[in-house]
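Structural characterization, general
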Amino acid sequence: MSGVQMLEVTADEGDQRLDRWFRRRFPHIAQGRIEKMCRKGEIRVDGGRAKPATRVEQGQQVRVPPLPEPGEVSSQPKPTVSDADTKLIQSCVLYRDDHIIALNKPPGLPTQGGTKQFRHIDGMADALRFGYDEKPRLVHRLDKDTSGVLLLARTRAVAASLTSAFRARDTRKIYWAAVAGQPFPQMGTIRYGLIKAPGHGAKGEAEKMLCIHPNEVDKTPDAKRATTDYAVLSSLGKRVSWVALVPITGRTHQLRAHMAELGHPIIGDGKYGGSGQENLGDGWGAQLGGEISRKLHLHARSISLPHPVTGATLNITAPLPEHMQKTWKTFDWHASDVPADPFEDLA
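Reading the values: the criteria
- Starting from 1, residues in each chain are numbered consecutively following that chain's sequence as written.
- Residues qualify for local features only when their pLDDT is at least 70, as the model is predicted, and side-chain atom pairs are given and counted only at 80 or more; totals for whole chains, interfaces and linings, by contrast, use all residues.
- Each side-chain value is worked out from all heavy atoms of the structure, with water and hydrogens disregarded.
- Starting at the N terminus, helices and strands are each numbered in turn, a helix being any DSSP run of H or I of at least four residues and a strand any DSSP run of E of at least two.
- Relative accessibility under 20% of the residue-type maximum defines a buried residue, over 50% an exposed one, and the middle range a partly exposed one, all with a 1.4 Å probe and only protein chains included.
- We call two residues contacting when some pair of their heavy atoms lies within 4.5 Å.
- By the counting rule applied here, Lys and Arg register as positive and Asp and Glu as negative, while His and the ends of each chain are not counted.
- Every charge is mapped to an atom, namely NZ of Lys, CZ of Arg, CG of Asp or CD of Glu.
- To estimate the expected span of a helix, count its residues, drop one, and scale the result by 1.5 Å.
- The arc refers to the directions leading from the helix axis to the C-beta atoms.
- For this analysis, a nonpolar core means a set of buried residues of the types Ala, Val, Leu, Ile, Met, Phe, Trp, Tyr and Cys, connected via side-chain atoms within 4.5 Å.

**A look at the overall build of the protein chain**
When helices and strands are tallied, the protein chain shows 8 helices and 20 strands. C-alpha extents for the protein chain along the principal axes are approximately 70 × 45 × 40 Å. Every one of the 347 residues in the protein chain was classed for burial, and the buried ones make up 47%. Excluding contacts between residues fewer than 6 apart, the proportion of contacts in the protein chain whose partners are at least 24 apart in sequence is 65%. Separation between the mean location of the 48 positive side-chain charges and that of the 39 negative ones in the protein chain comes to 4 Å.

Dropping the structure here:
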């Protein structure tokens, strides 16, 4: 058993999650133990308590509590990805080169683990090594019920470059959604701020975001500014519309909360649009009834960004998931009838 150590984050270790830094330094320590040591305050960064997701920077001091030596840790078989999950995750690959892997994430599959979430993209990433020593790293997230383009970096250097590109907004993401009603005007920008809802109810109230009028954001503690561009691509009367959405900022549940605030919740969004077909006071509800799926109709359709190594513009497009394909077919909506980027002429 080692004693307490104070370790400095080196230049090539900066800008990564604390738990990942820890696993690289001490690969024999399990993720669960790292999380427990963080909860108990045994692992500290520059003297302060830290979470596993806290990002460490060059020069910071990490307190490491006494740890067992590698030989003292009971040998347990390393978790492996099942054959079924290997087949699933590899079938999701849209694009792959020596630096990046792009997936078409299925709806209902979380990006990362969490409370009662044991099957997720990050846990299946070992099946995406394709000959590399380390599994690819996530550089952004999609909500569990949102489908579409999800990027992973195949090396740590590329992960840092892609993370910087997302922070600098050098990437452009376009989502497709079916929403209740018909937004007016046909094209616009939503600027409501967002704040986490209070409470910890059984229905996940704490995971819900509340919209704050733009004029009140700076006066509201913990509220964050959020901006979304939208464009109506097609409508079926005034009952349902196909919209393109571009998140200028990247807040939790931003697109879902913004569309619901306009009175046009995304179809299948029970959290923000209700579970009925009518939502009095806000327009139509989030369900269409009949044969239309009750699943969330939100899809990360495309992403464009400069390649982190070559610098060339990389454009990746993801086909719609099955339930949205059926809805599009029902409404006679076709991808070939709309521009890939309806906002292009405004740029």
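**Remarks on helix α5 (residues 156-167)**
The first and last C-alpha atoms of α5 sit 17 Å apart over 12 residues, in line with the 16 Å expected at 1.5 Å per residue. Buried residues of α5: Val158, Ala159, Leu162, Thr163, Ala165 and Phe166, and no others. Projected down its long axis, α5 shows its buried positions confined to an angular sector of 160 degrees, all on one face. Counted as exposed and oriented over 90 degrees from the buried face of α5: Ala157 and Arg167. Those residues of α5 that are buried lie in contact with β8 (100-105), β9 (137-138), β10 (147-153), β11 (172-180) and β19 (298-306). Just beyond α5, the residue with positive phi is Arg169, at close to 60 degrees.

**Some details on helix α8 (residues 322-330)**
Turning to α8, its buried residues number three or more, namely His323, Met324, Thr327 and Trp328. For α8, the arc enclosing every buried residue in end-on projection is 135 degrees, short of the 170-degree limit, so these residues lie on one face. Across α8 from its buried face, at more than 90 degrees, point the exposed residues Glu322, Lys326, Lys329 and Thr330. Those residues of α8 hidden inside the fold are in contact with β11, β16 (240-247) and β19. Asp332 sits one or two positions beyond α8 and adopts a positive phi of about 60 degrees.

**Observations concerning the nonpolar core**
In this structure, Leu103, Leu245 and Leu298 are the most contacted members of the largest nonpolar core, which totals 29 residues. Only β8, α4 (121-124), β10, β11, β15 (228-236), β16, α6 (254-261) and β19 provide two or more residues apiece to this core. Sort the elements by how many residues they give to this core and β11 lands first, with 3 residues. In this structure, Leu245 is in contact with Lys173, Ile174, Tyr175, Ala177, Thr228, Asp229, Tyr230, Leu255, Met259 and Leu298, ignoring residues within four places of it in sequence. Counting 20 residues, the second-largest nonpolar core is a separate cluster that includes Ala231, Trp242, Trp328 and Trp333.

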